[in-house]
Amino acid sequence: MALKVGARAPTFGGRTVTGQPIALSDFAGKAVVVYFFRRVFTPNCAIETKGFRDNYAELRAYGVDVIGVSADAPETHCRFAELHGISFPLVADELRMISRAYDVLWPLGIIGRYTFVLDDTHVVAAVMHHEFQASRHLDEVMRFVRDRKPPSSRA
């Protein structure tokens, strides 16, 4: 079963669509949404990712960064990010090491649709899991973030 609220989020490293190295530790002292999805260019995963894209500025105003993780190859992530104007990091987890650490793998190595909201100490503050209702992740993340604190622009 996936990480639970209150668990320390496993650290991870990888490469973004631009080939830059990325690690959870790069976001020290910042809240982060880490969401896992099966495949770019599939309808539900595209809806979910574009939803985070469309709300990224608001999430940032609340002091929250976003990282998307799937098993797609970096080149596939790159094409998807360019096509849809994704400005937050997408991380290729081809070996499923990050997915394993967050315990979101189904049998046969399929990544489940999970979203984790990590607080600024990278403890899991919320978990969303809806396999077939991709937009619910974003709705629940936005509600959770808005309820926790005012955006920095209004603080």
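Going by the structure above, here's the rest.
Below, the structure is looked at part by part. (Residues numbered from 1 in each chain as written. Predicted model: local features only at pLDDT ≥ 70, side-chain atom pairs only at ≥ 80, totals over all residues. Heavy atoms only, no water.)

### Quick word on unusual backbone geometry
- The phi torsion at Arg96 lies on the positive side, around 60°, for a residue other than glycine.
- In this fold, Arg96 is placed in the loop between strand 5 (90–92) and helix 4 (97–101).
- Classification of Arg96 by relative accessible area gives partly exposed; the value is 22%.
- Positive phi is not limited to glycine here, since His122 has a value of about 65°.
- If you trace the backbone, His122 turns up in the loop between strand 6 (114–118) and strand 7 (124–129).
- The class for His122 is buried, based on a relative accessible area of 9%. (Helix = DSSP H or I, 4+ residues; strand = E, 2+ residues; numbered from the N terminus. Buried < 20%, exposed > 50% of the residue type's maximum accessible area, 1.4 Å probe, protein only.)

### Things to note about the pairing of strand 4 (residues 64–70)
- By the criterion of burial, strand 4 is predominantly enclosed, with 7 of the 7 residues buried.
- In strand 4, alternate side chains face the same way, and those of Val64, Val66, Gly68 and Ser70 on one face and Asp65, Ile67 and Val69 on the other are all buried.
- Pairing between strand 3 (residues 31–36) and strand 4: 6 bridges, direction parallel. Directly across from Ala31, in strand 4, lies its bridge partner Val64. (Pairing = 2+ DSSP bridges.)

### Concerning the nonpolar core
- Counting residues in each nonpolar core, the largest one holds 26 residues, and the members touching the most others are Phe52, Leu59, Val66, Phe88, Leu90 and Val141.
- If you list the elements that add at least two residues to this core, you get strand 3, helix 1 (43–54), helix 2 (56–61), strand 4, helix 3 (74–84), strand 7 and helix 5 (134–148).
- The leading source of residues in this core is helix 5, at 4 residues.
- Counting residues in each nonpolar core, the second largest holds 22 residues, with Ile67, Ala71, Val104 and Tyr114 among its members. (Core = buried A, V, L, I, M, F, W, Y, C linked by side-chain atoms within 4.5 Å.)

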